[in-house]
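# Structural characterization, general
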Amino acid sequence: WFDHTKAISSPGYAPLIEREIPMVRDFLGVLYQSLAKEGAKARGGSYYTPGRVVDEIVADHVRAGSVVLDPCCGTGQFLLAAAENIADPANLWGFDIDEVAVRVARLNIITRFPGSNCSPNIYCKNTLLAFPFHARFDGKDIPLFDVIFTNPPWGVHFSAAEIAQFQTLFPSIKSNEAFSLFVAKGLQLLRDGGCLSYILPESFLNIKVHADIRAVVSKQTRIRRVAHLGRIFQNVFTPAIRLDISKEAPSEGNSFIAVKENHSCEVEQSRLTENADHVFDLFTGEEDLAIFEKIYRRGHLTLEGNADWALGVVTGNNAKFLSDHRDAHHEPILTGKDLRRFIADAPKKFIHFRPETFQQVAPIHKYRAPEKLLYKFVSDELIFAYDDRQTLSLNSANVLIPTLKGFPVKAVLGFLNSSLYQLIFQKRVGALKVLRGDIEKFPFPEITAADGQRIVSYVDTLVSAEASDDRKKHAFASLDDYIMGLFGLSSAQKAYVIANARVSPKRMPFK
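Residues numbered from 1 in each chain as written. Predicted model: local features only at pLDDT ≥ 70, side-chain atom pairs only at ≥ 80, totals over all residues. Heavy atoms only, no water.

With that settled, the discussion passes to the packing of aromatic side chains. Per the counting criterion, the structure on display carries 21 aromatic pairs. The structure contains a cluster of three or more aromatic residues connected by ring pairs, namely Phe407, Phe415, Tyr421, Phe442 and Phe444. The lysine or arginine in question, Arg112, covers the ring of Phe113, its NZ or CZ lying 5.5 Å from the ring centre. The ring of Tyr296 carries Arg428 above its face, with NZ or CZ at 4.7 Å from the centroid. (Phe/Tyr/Trp six-rings, centres within 6.5 Å; stacked < 30°, edge-to-face > 60°. Lys NZ or Arg CZ within 6 Å of the ring centre and 35° of its normal.)

Quick look at the pairing of strand E18 (residues 384-387) now. In regular strands, side chains alternate between the two faces of the sheet. Burial along E18 is two-sided: Phe384 and Tyr386 facing one way and Ala385 and Asp387 facing the other are all buried. Note that strand E17 (residues 372-376) and E18 share four bridges and pair antiparallel. Bridged to Leu374 within E18 is Ala385. (Buried < 20%, exposed > 50% of the residue type's maximum accessible area, 1.4 Å probe, protein only. Helix = DSSP H or I, 4+ residues; strand = E, 2+ residues; numbered from the N terminus. Pairing = 2+ DSSP bridges.)

In this model helix H18 (residues 449-463) runs 21 Å from its N-terminal to its C-terminal C-alpha over 15 residues, within 8% of the 21 Å that 1.5 Å per residue would give. Taken together, the buried positions of H18 are occupied by Asp451, Gly452, Ile455, Val456, Tyr458, Val459, Thr461 and Leu462. Contact partners of the buried residues in H18: helix H15 (409-417) and helix H19 (469-486). (Expected span 1.5 Å × (residues − 1). Contact = heavy atoms within 4.5 Å.)

Before going further, it helps to spend a moment on the sheet that holds E18. Sheet architecture is open: four strands sit in the order E13-E20-E17-E18, paired in antiparallel fashion. Pairing within the sheet leaves two strands with one partner each, and these edge strands are strand E13 (307-310) and E18. Ignoring which end each strand starts from, the neighbouring axes of this sheet average 30 degrees apart. The sheet contact formed by E13 and strand E20 (residues 397-402) spans four bridges and is antiparallel. Paired with Ala310 across the strands is Val399, a residue of E20. Strands in contact with H15 are E17, E18 and E20; relative to E18, the strand with the most contacts, it is inclined by about 160 degrees. (Axes fitted to C-alpha atoms, helices over the stretch in contact; angles between N-to-C directions.)

Pairs may arise between side chains of opposite charge once their charged atoms sit close together. Across all of its chains, the model carries 20 salt bridges by this definition. The residue Asp338 makes a salt bridge to Lys348 at a minimum N-O spacing of 3.2 Å. Residue Asp338 is located in the loop between strand E15 (331-334) and strand E16 (349-351), and its partner Lys348 is located in the loop between E15 and E16; the two are separated by ten residues in the primary sequence. One salt bridge connects Arg341 with Glu381, and the closest N-O pair in it is separated by 2.5 Å. Of this pair, Arg341 sits in the loop between E15 and E16 while Glu381 sits in the loop between E17 and E18, and the two are 40 residues apart along the sequence. Of the two residues examined, Arg341 and Glu381, each falls in the buried class. Each of Asp60, Arg242 and Asp244 takes part in one network of salt bridges that share partners. (Salt bridge = Lys/Arg side-chain N within 4 Å of Asp/Glu carboxyl O.)

The next subject is the confidence of the model for the chain. Overall, the predicted model of the chain reaches an average pLDDT of 90, with 90% of residues at or above 70. Low pLDDT, under 50, characterises residues 41-45; the predicted model gives this stretch eleven contacts beyond four residues in sequence or across chains. (pLDDT = per-residue confidence, 0-100.)

So, about unusual backbone geometry. A positive phi angle, close to 60 degrees, is found at Asp277, a residue other than glycine. Of note, Asp277 is situated in the loop between helix H11 (269-274) and helix H12 (286-297). Residues other than glycine seldom take positive phi values, yet Gln390 does so here, at roughly 55 degrees. Topologically, Gln390 is positioned in the loop between E18 and strand E19 (392-393).

If you want it as structure tokens, here you go:
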């Protein structure tokens, strides 16, 4: 390695070398990640896994005689942790496409086993393409592994040539999502009964594009555990989960534990295969299921084919086009931060609306509709606001114009902001983005004109600038009760919805 880097001037690094080395297991890895550019890490989907998470995975799965692989090993963090349980370095394998990281990982293993004259089984290779099922490499047989663990890259952009190869090697994975391909590859390299434990984005659980890998996992493996980890990666908004599966056909009646914060529940695996798109609605309990069954069994309509949708304005450069002050050429423009349930706060940004200068603009008539709903796009709860002033919005506040037969626009607003619909979104969707495809599946019961007007009367109070907070609170409680009554929920079920739907007070139209 020194031969390859002899042009580097070591005196320039003296201040760094003279620093006291922190007492962490993978100091070289921490140093390398610290020096790596944030943009490069984001493009490669590469982020350093917290040691606590690594230790828990190793403690759960690695035994003294285990043969283990990290297919995206980076600087060897998982392998170093496994080395505390494994005495033979020959049982530790790792691959990665980052040459510097691989060299660091090899050094880590060499120094971890100072009495062994070993050549670590860690190589700079593309795991997805280099090893078809079982192979021989560098004079060694690559085994089938007892345990495969990793934090695979997320959201990598592959070349056309790589995608063509993936379609041949992994025909069941249509999305070409990196972490999905690594799950499929891991299953190829596991022995029968072996365990795979990966850190994945929360979107694995429910986003439609990942239905392909969910089908593989739910139908072809035995799920052992799914744990919600939260936002464990610095500068990454998406929460993570831990998925533990074993390479064996799921047995009839197999169940597993799903964990989120201080809550855990037992989930029957067969239920996941029956869900649309094999969605992992893990934190849906028996009471939730009973409520949802009652809702969806009742005759209903959906917004699919019964609404116009539009993305808010994409300027391409907000700093250039948005102003904090209004002049003769500017008009207000709303952002997602301006939205509350039912209403929008006074806009804080202004724009000179010249569509030809922006990156992307929807048909103008959708922004200028006499009535429309604006919804916060990046959110873990439903936040829909009413607009009848033809106000512009940025793409953090998208547009919905309902055309549902028998439903006034304000009635649709009432349903979407109700506690019942919050529960549906949080339990059945559970995403950090409000996507059109999810909202189009929501059930709207068949209502009479009188029902519609009753709901509109509550919404009118909630959007009114003159109504007191007490009147608005009463109107929201009445709206909730009326909507749940339309679905035939019992008093106990209504109480359950109110108690379990997460409704942020600061996003309500009252204090």
